[in-house]
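One-letter residues, chain by chain:
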Amino acid sequence: MCRSIKTLRPPALPEEATREDIHAAALQYVRKVSGFRAPAAHNREVFDHAVEAIAEATAQLLGDLEVRGAASRAS
């Protein structure tokens with residue numbers, strides 16, 4: 001699918017994903033699924049809303065994931 005979307009959790013990403021990382025991944029996903037790199041003016045609102053919804057869901061997912069061994073590495 002979107003090969004340019006990178007894994008946003010350790011150990012693939014050594015530090016916490018930033019809001020910019022999450023937004024970029026959400027934007028790539030919406031671009032791929034919609035087939036539009038940039039939406040036409042009449043689709044801009046729905047496109048932007050989708051990016052924000054996916055970014056929010058991604059942030060929640062990353063915040064809720066339990067990564068095995070993460071606690072022992074932080075010590």
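Refer to the preceding data block for the structure.
Being a predicted model, the structure only gives us computed values, none of them experimental.

Peer 1: How should I be thinking about the overall build of the protein chain in this particular structure?
Peer 2: When its secondary structure is counted, the protein chain shows three helices and zero strands. For the protein chain, the N- to C-terminal ordering of α and β elements is α-α-α. In the protein chain, which comprises 75 residues, the share counted as buried stands at 17%. In the protein chain, once contacts between residues fewer than 6 apart in sequence are set aside, the share between residues at least 24 apart is 57%.

Peer 1: Is there a simple way to explain the pattern of salt bridges in this structure?
Peer 2: Between side chains of opposite charge, a pair can form as their charged atoms come close. Scanning the model with the defined rule gives two salt bridges in all. Here Asp21 ties to Lys6 by a salt bridge, and the two come within 3.9 Å at their closest N and O atoms. Taken together, the positions of Asp21 in helix α1 (residues 19–34) and Lys6 in the segment before α1 put the pair 15 residues apart, joining distant regions of the chain. The partly exposed category is assigned to Lys6, whose relative accessible area is 48%. Asp48 serves as the salt-bridge partner of Arg44, at 3.2 Å between the closest nitrogen and oxygen. Here the residue Arg44 and the residue Asp48 both occupy positions in helix α2 (residues 44–64), the gap between them amounting to four residues, near one helical turn. Judged by relative accessible area, which is 33%, Asp48 ranks as partly exposed.

Peer 1: Could you clarify how one ought to interpret the nonpolar core in this entry?
Peer 2: One broad trend across soluble globular proteins is that nonpolar side chains are buried collectively. The biggest cluster of nonpolar side chains holds nine residues, and these are Leu8, Leu13, Ile22, Ala25, Ala26, Val30, Phe47, Val51 and Ala55. At the level of secondary structure, the elements contributing two or more residues to this core comprise α1 and α2. Sorting elements by how many residues they give to this core places α1 first, with four residues. Setting aside residues no more than four positions away along its own chain, Leu8 makes contact with Leu13, Ala17, Asp21, Ile22, Ala25, Thr58 and Leu62.

Peer 1: Would you mind showing me how to read the layout of surface pockets here?
Peer 2: The gaps of empty space that remain are located by a probe, the size of a water molecule, rolled over the atoms. Space inside the largest pocket adds up to approximately 200 Å³. Taken together, Leu8, Arg9, Pro10, Glu16, Ala17, Ile22, Ala59, Leu62, Gly63, Leu65 and Val67 form the lining of the largest pocket. Considering each element in turn, the lining of the largest pocket owes the most residues, three residues, to α2. The residue inventory of the lining of the largest pocket, partitioned by class, reads eight nonpolar, one polar and two charged. One number sums up the size of the second largest pocket: a volume of about 170 Å³. Lining the second largest pocket are Arg19, Ile22, His23, Glu52, Ala55, Glu56 and Ala59. Broken down by element, the lining of the second largest pocket gets its largest block of residues, four residues, from α2.

Thresholds, definitions, all that
- Residues numbered from 1 in each chain as written.
- Predicted model: local features only at pLDDT ≥ 70, side-chain atom pairs only at ≥ 80, totals over all residues.
- Heavy atoms only, no water.
- Helix = DSSP H or I, 4+ residues; strand = E, 2+ residues; numbered from the N terminus.
- Buried < 20%, exposed > 50% of the residue type's maximum accessible area, 1.4 Å probe, protein only.
- Contact = heavy atoms within 4.5 Å.
- Salt bridge = Lys/Arg side-chain N within 4 Å of Asp/Glu carboxyl O.
- Core = buried A, V, L, I, M, F, W, Y, C linked by side-chain atoms within 4.5 Å.
- 1 Å grid on protein atoms, 1.4 Å probe; cavity = no way out; pocket = protein on both sides within 12 Å on 5 of 7 lines; lining within 4 Å.
- Points joined across faces, edges and corners; volume = space filled by probe spheres on them.
- Nonpolar A, V, L, I, M, F, W, Y, C, P; charged D, E, K, R; others polar.

Interpretation note: all reported values are geometric properties and have no functional meaning in isolation.
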